[in-house]
Amino acid sequence: MATPTLQPGTRRTLWPLWATPAIALALAYGVVPLLATDYVFDALLIPFLALSLAAVGLNLLTGYAGQLSLGSAAFMAVGAYAAYNFQLRVEGLPLLAAMALGGVAATVVGVVFGLPSLRLRGFYLAVSTLAAQFFVQWALTKFGWFSNHNPSGVIDAPPIAVAGVAFDTPTGRYLFALTVVAVLTALVWRVTRTPTGHHFIAVRDNELAARVIGVPVLRAKLLAFALSSFVIGVAGVLWGFVYLRTVEPAGFNLDRSFQILFIIIIGGLATLRGAFLGAALIVVFPLLLSRLGSLLLGQWFDSGVLELCQRIALGALIVGFLIAEPRGLAALWERAVARLQRTRPPPPQGA
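Residues numbered from 1 in each chain as written. Predicted model: local features only at pLDDT ≥ 70, side-chain atom pairs only at ≥ 80, totals over all residues. Heavy atoms only, no water.

Remarks on the overall build of the protein chain
When its secondary structure is counted, the protein chain shows 14 helices and four strands. The C-alpha radius of gyration computed for the protein chain amounts to 22 Å, which stays within 12% of the reference 20 Å derived for 351 residues, consistent with globular compactness. For the protein chain, buried positions account for 42% of its 351 residues. When the accessible surface of the protein chain is summed, it comes to about 18,200 Å², and 69% of that surface belongs to carbon and sulfur atoms. Each charge sign in the protein chain was given a centre, from 23 positive and 13 negative side chains, and these centres are 15 Å apart. (Helix = DSSP H or I, 4+ residues; strand = E, 2+ residues; numbered from the N terminus. Rg over C-alpha atoms; globule rule 2.2 N^0.38 Å. Buried < 20%, exposed > 50% of the residue type's maximum accessible area, 1.4 Å probe, protein only. Areas by Shrake-Rupley, 256 points an atom, 1.4 Å probe, with all protein chains shown as cover. Lys, Arg positive; Asp, Glu negative; His and termini not counted. Charge placed at Lys NZ, Arg CZ, Asp CG, Glu CD.)

Printed below as a string of structure tokens:
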């Protein structure tokens, strides 16, 4: 009996949509904890997960809804400080509840600074969100209540424990961060597949046309800011509690906002895969540059030279991607997968 052939214009699905995330999660949960060292967890994997989640949140706002924001680090700071204060001042509050409330606090601040998006767009909106960065940093350093009146303004993060299970080792903190990132990324992916996500894309592509076809533009913009700020706020909790294990305003400065923006530019806008690819490059790139510089220049390649070279190389990399491949690493990944599928041998035509 002959195998049925595909009709013209149709395409055989060789790689299901769920296969890549399923394999990635299987490796992340089953293989990485067995092979990675404490250094890899603390220096690479945990910051990669926190930055990936922040990039997922910003990509929802900028990539899908088309609203440019330069205040991501401010929303991360709000989430981290709010979670710290909720857990400090509400006796018996579980860590996950404190993280969720930190995300809610970041949502409130994000919506407040997202109100100008109802009138502004593009560069002007970016400047208004930049005000959030400066205002939040000023408030956190001006009012000692946020840091429990610590003279240095630096506070130690509470221990990571859920339902009596402590995640105090590098492996445990990695698994905790991985679970939070996986759950929130799945929720964001689901949102992008709903009518709400379609409204975001319509507003991004043509705001006037979106109004004409009945899209609630004002509601869509504020909802994009709210959802994005919640995800970024939780990412701030991971950054402060799980990675740095201290919470201080300097950890959420303007450079952090630009770093998250660079991640989604390099990784690819309007794609969740790009957030992870871009974060992986941003985290690994300084390490590779440091090793290469030390190999070539030896003792002359100190921390100052490393930071300067990193800025120059990263800027050149961004310009290169904007010119050669504006869709980022995600597009390169898709082309590589498509090329791999074309090189696979065709299925048998008969039995």
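That covers the picture; the talk isn't over yet.
Topic: the packing of aromatic side chains
Scanning the model with the defined rule gives nine aromatic pairs in all. Considering the side-chain rings of Phe 41 and Tyr 174, the 5.0 Å spacing of their centres and the 40° angle between planes classify their relative orientation as tilted. Here Phe 41, found in helix H3 (residues 38–64), pairs with Tyr 174, found in helix H7 (residues 170–192); they are 133 residues apart in sequence, far enough to count as distant. Residue classification places Phe 41 among the buried positions, given a relative accessible area of 0%. With centroids separated by 6.2 Å and ring planes inclined at 50°, the aromatic side chains of Phe 113 and Phe 135 adopt a geometry described as tilted. Within this pair, whereas Phe 113 is found in helix H5 (residues 95–114), its partner Phe 135 is found in helix H6 (residues 123–142), the two being separated by 22 residues in sequence. Grouping aromatic residues by their ring pairs yields a cluster made of Phe 113, Phe 135, Trp 138 and Phe 143. (Phe/Tyr/Trp six-rings, centres within 6.5 Å; stacked < 30°, edge-to-face > 60°.)

Concerning the pattern of salt bridges
Tallying each qualifying case throughout the model produces eight salt bridges. In this structure, Arg 173 engages Asp 42 in a salt bridge whose closest nitrogen and oxygen atoms are separated by 2.7 Å. With Arg 173 in helix H7 and Asp 42 in helix H3, this residue pair connects regions lying 131 residues apart in the sequence. Exposure remark for Arg 173: the relative accessible area of 3% places this residue in the buried category. Of the charged contacts in the structure, one is a salt bridge between Glu 334 and Arg 273, with a shortest N-O distance of 3.7 Å. Of this pair, Glu 334 sits in helix H14 (residues 328–342) while Arg 273 is found in helix H12 (residues 272–297), placing the two residues 61 residues apart along the sequence. With relative accessibility at 40%, the residue Glu 334 sits in the partly exposed group. (Salt bridge = Lys/Arg side-chain N within 4 Å of Asp/Glu carboxyl O.)

Quick look at helix H11 (residues 254–267)
Taking 1.5 Å of rise per residue, 14 residues should cover 20 Å, and H11 covers 20 Å from first to last C-alpha, within 8% of that figure. Arg 256, Ser 257, Gln 259, Ile 260, Leu 261, Ile 263, Ile 264, Ile 266 and Gly 267 are the residues of H11 that are buried. (Expected span 1.5 Å × (residues − 1).)

Thoughts on the nonpolar core
Counting residues in each nonpolar core, the largest one holds 85 residues, and the members touching the most others are Leu 53, Phe 176, Leu 238 and Phe 241. Per-element tally for this core: the top contributor is H3, with 16 residues. Setting aside anything within four residues of it in sequence, one finds Phe 241 in contact with Ala 80, Ala 83, Tyr 84, Gln 87, Leu 95, Ala 157, Pro 158, Ile 160 and Val 247. (Core = buried A, V, L, I, M, F, W, Y, C linked by side-chain atoms within 4.5 Å. Contact = heavy atoms within 4.5 Å.)

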